[in-house]
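# Residue-level structure breakdown
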Amino acid sequence: MIELNGVSKSYNGIRRAVDNLDLTIPDGEIFGFLGPNGAGKTTTIKMITGIIKPDAGQIRINGTDIAADPIKAKQRFGYVPDSPDLFLRLKGLEYVSFMADIYGVEQELRNSRIETLAKRFDMLDALGDTIQSYSHGMRQKIVIMGVLVHHPEVWILDEPLTGLDPKSSFTLKEMMREHADSGRTVFFSTHVLEVAEKLCDRVAIINKGKILFCGTFPQMQEHFQSHESLESLFLELTKHE
Amino acid sequence: MNNIWLLTKIMLKNSSRMGARKKGSEWKSLMLVALMLIGFLPMIISGVWFVAEMYDGLAQIGQESAILGMGLAMVSCAIFVLGIVYVITVFYYSQDVEHLLPLPLAPREILGAKFLVALFYEYLTELVLIGPLLVVYGVKSDAGVLYYLFAIVLFLVVPVVPLALSSILVMLFMRFTNIGKRKDRLRLIGGIVGIGAVLGFQYFIQRQNSAMEDIEQMQQQLLSGENVLLNLATQIFPSTKLAVLALVESGYWSGLGYLFAFLLATLAGILLFSFAGDRLYFAGVMGISDSAGTRRKVEGHAFAKLAQMRPAWWSYTIKEWRVIWRTPAYMLNCLLPSLLMPFLILIPLVGIQDRKDLLEAFRGWITGTGGISVAIFLAGSIVLAGMNSASVTAITREGQAFFLSKSFPLPFRQFLLAKLFPGTILSILSIFVLLAIAVWFLPITPLLAGLAVFVSIPGVMLMNQFGFLIDLQRPKLSWTSEQEAVKQNINPLFSLLFGGVLAAITILGVVSWGGSLIPVALVLFLVFGILNLMLYQVLVKKGPEWMDKIEK
Ligand SMILES: Nc1ncnc2c1ncn2[C@@H]1O[C@H](COP(=O)(O)OP(=O)(O)O)[C@@H](O)[C@H]1O
Ligand SMILES: [Mg+2]
């Protein structure tokens, strides 16, 4: 579970990138965070993961306040950033193993997890090569593997499906489903309505730093129809990549 | 031509963002630059003094123009050597090329702009190296307006030919190493061989001109045409000779003729550069960031080795270590200085080795006032640690990955340890290299050697902590190439400056005290030990807060 209370952030003091956000992401659901480019999704996610500090408000992950006890809170989640061009000089396996070390995953456990993940993401042949030699999608997959290798309770993924091929995208969605069904939390952002529609149990729509809607998908469609002012936003989100 | 200007401006703007710039910290940066200029001041003043002395001596026999020849020759050599570094940085490892290639620009325009950017850096270098000389000469010789006019023109044009030559050399090298999947390593080896050649060259010059400080002897050499550097420079860059003649005869028609000839020679250099560039540059730069994989499954022993479990802080340390080793730019700036710089520092000793009297004096000096020798060794280690960028770029090197690191549940102490470890180990390594060279050249007793290491270790630890402190304050995370992260970054300069100041204070302190070997070593060890503990406390206490503040 992730709870945000009155969270705000402005980068240069002029306009708020995130404005007084209240949001509760419950257990056992895939929660989509939907909004056009520049809406404030990444900013919100960076605050949840402790990368940037909110100007105001509290954030709790499974009950632990990230500001009060960052180490404990950080052990609860796994985070996939929006750009996968990271640690390019490491080999894929070195990277995943490094992540396992950071989260203290035992040897036996990590071996079997890496094996399973690599198989599911079709990365077995690439693990011994440097990440620099990977394509965009492969980099994305290795970052995701680095997160899943420590079996975090809460998944926080920033636009995780952008750039994945259909098969890997399917695998990731499947895994998100399994994770949510086991009673834990999946929170991911996207700017594509269709993705949210197919995957999410619940969505929140953010635009210009404010939450415009939060609820299930059918509720959302109803909401859009009854609020004509939202039509342009709706159009923006239904446009394909 | 318009496009070239436009591109040049963009490239310069991009690269001048040194360090992270927070709002309102511009005046701070200015102050720092001013401080650094003040740091250079003694060098410039002594340069001016040197030139003035030389002038007076040579003027008595009417040969003062030799100074100009010497100055221009030296600056041509310096520009050529530095040009190699600038060209590698600007032409190859600033990865704007990959963004520029798809734009509707002629290759010639990209190359031209890159040349101008490198030229711009050369002007800055030249300003320090030869600016004072030209002015002093003008003042001393009561030169007319024409002299200064010529001087300005020459100042702008002189670097072109040496830079064109170094560009061609680098482009050739990069073109023919752009092969295979181990090209990074191939280039690194080439680079090391190159550095070795430069060191050898320096050694050679040093041996020939072992009495550089002796003004009279130098005048002698200049007059008799025996100055190796001058001869070499005018041989490699014949155009420099024309430049000198133009300046000397600036009052006559012949001066104008020489200037004209010099400009023609420069034009030829530019043409040669663009001819070579058209053929070499793009073939060398394309795919510079590619690296091939084998796409073979890792199994069994290899898998176990790569996936081996380690404590978090140690795993982080190993990650740092691997990245330094595998990234040529990091290796050149963080790893090699520890191994090569001790040689550079000790090259002057080569001169001593041939001179029994000096060696004797040195021996007496070491055994007599022993305390100073240990302080000098410590100062050397500190300067070396200041030259090493490993700790002062510890955060910068991560780039955007740093933000992912911020989401790790890693206690700050462990993070700190992992970040300090590689730099400290490398600095300690350079202590031993320095010691080995010192023992080779100088009569050093085992006791002195032991004590030197004993005090130097806390010394370099302090430098590494300080470097990390700087990087924590102002890391540069938004780089596009690793070269940019370590090269176009002002933080290593602070560490260098701090090392110099700390070394000077140490030596001055010990000299004014004048204690003998063992007490001095003990006191230095204690002082640096306590400073280390204090700085460590500051880092542990304030570090997490500072790290939190790094948001972009
Ligand atoms: N580092 C930054 N500095 C200044 N403004 C920023 C920065 N990062 C994001 N912003 C601004 O904050 C707003 C929200 O951005 P972001 O959270 O990245 O949007 P999203 O992820 O929804 O596309 C945008 O207006 C963006 O311009
Ligand atoms: Mg985003």
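Up top is the structure.
So, here is what we can say about the structure in this document. Since we're looking at a predicted model, the values are computed, not measured. (Residues numbered from 1 in each chain as written. Chains lettered and ligands numbered in written order. Predicted model: local features only at pLDDT ≥ 70, side-chain atom pairs only at ≥ 80, totals over all residues. Heavy atoms only, no water.)

## Some details on empty space enclosed by the protein
For the structure shown, the criterion picks out two cavities of 30 Å³ or more. Taken as a whole, the largest cavity encloses approximately 60 Å³ of empty space. For the largest cavity, the full set of lining residues is Leu90, Glu94, Ser97, Phe98 and Asp101 of chain A together with Leu306, Arg310, Ser315, Lys319 and Arg322 of chain B. When residues of the lining of the largest cavity are traced back to their parent elements, those giving at least two are helix H3 (92–102) of chain A together with helix H14 (312–326) of chain B. The element contributing the most residues to the lining of the largest cavity is H3 of chain A, with four residues. Residue composition of the lining of the largest cavity, by class: three nonpolar, two polar and five charged. Volume-wise, the second largest cavity comes out at about 30 Å³. (1 Å grid on protein atoms, 1.4 Å probe; cavity = no way out; pocket = protein on both sides within 12 Å on 5 of 7 lines; lining within 4 Å. Points joined across faces, edges and corners; volume = space filled by probe spheres on them. Helix = DSSP H or I, 4+ residues; strand = E, 2+ residues; numbered from the N terminus. Nonpolar A, V, L, I, M, F, W, Y, C, P; charged D, E, K, R; others polar.)

## Quick look at the interface of chain A and chain B
Where the parts come together, the accessible area they lose is often given as the size of the interface. Across the boundary between the two partners, chain A contributes 43 residues, which contact 40 residues of chain B. Across the chain A/chain B interface, buried area totals approximately 3900 Å², and carbon plus sulfur atoms make up 59% of it. Per-residue buried area on chain A facing chain B is highest for Ile51, Arg89 and Ile102 of chain A; these three make up 18% of the total on that side. The interface formed by chain A and chain B contains five salt bridges. Arginine 322 of chain B is the partner of glutamate 94 of chain A in a salt bridge, and the nearest nitrogen-oxygen pair spans 3.4 Å. Broken down by secondary-structure element, the contributors of at least two residues to the side of chain A that touches chain B are helix H2 (70–76), strand S6 (77–80), H3 and helix H4 (107–120) of chain A. Examining the composition of the side of chain A that touches chain B, we find that eight residues originate from one element, H3 of chain A, more than from any other. Along the lines of polarity and charge, the residues of the side of chain A that touches chain B split into 22 nonpolar, 10 polar and 11 charged. (Contact = heavy atoms within 4.5 Å. Buried area = accessible area lost by both parts, 1.4 Å probe. Salt bridge = Lys/Arg side-chain N within 4 Å of Asp/Glu carboxyl O.)

## Examining the side chain of threonine 185 of chain A
Residue and element names in this part refer to chain A. Structurally, the position occupied by threonine 185 is in strand S8 (residues 185–190). Within the local environment of threonine 185, its side chain forms a polar contact with the backbone nitrogen of methionine 1, the two atoms lying 2.9 Å apart. Not counting the four nearest positions on each side in its chain, threonine 185 is found in contact with Met1, Ile2, Ile25, Pro26, Asp27, Gly28, Glu29, Glu153, Val154, Trp155 and His179. (Polar contact = N/O pair within 3.5 Å; in protein donor to acceptor, adjacent residues only side chain to side chain.)

## Focus: the site of ligand 1
As a structural note, the neighbourhood of ligand 1 is formed by Tyr11, Arg15, Ala17, Pro36, Asn37, Gly38, Ala39, Gly40, Lys41, Thr42 and Thr43 of chain A together with Lys552 of chain B. Chain contributions to the surroundings of ligand 1 come from chains A and B. Between lysine 41 of chain A and ligand 1, the recorded distance is 2.8 Å, taken from a backbone N or O atom to an oxygen atom. Threonine 42 of chain A places a side-chain nitrogen or oxygen 2.7 Å from an oxygen atom of ligand 1. (Near = heavy atom within 4 Å.)

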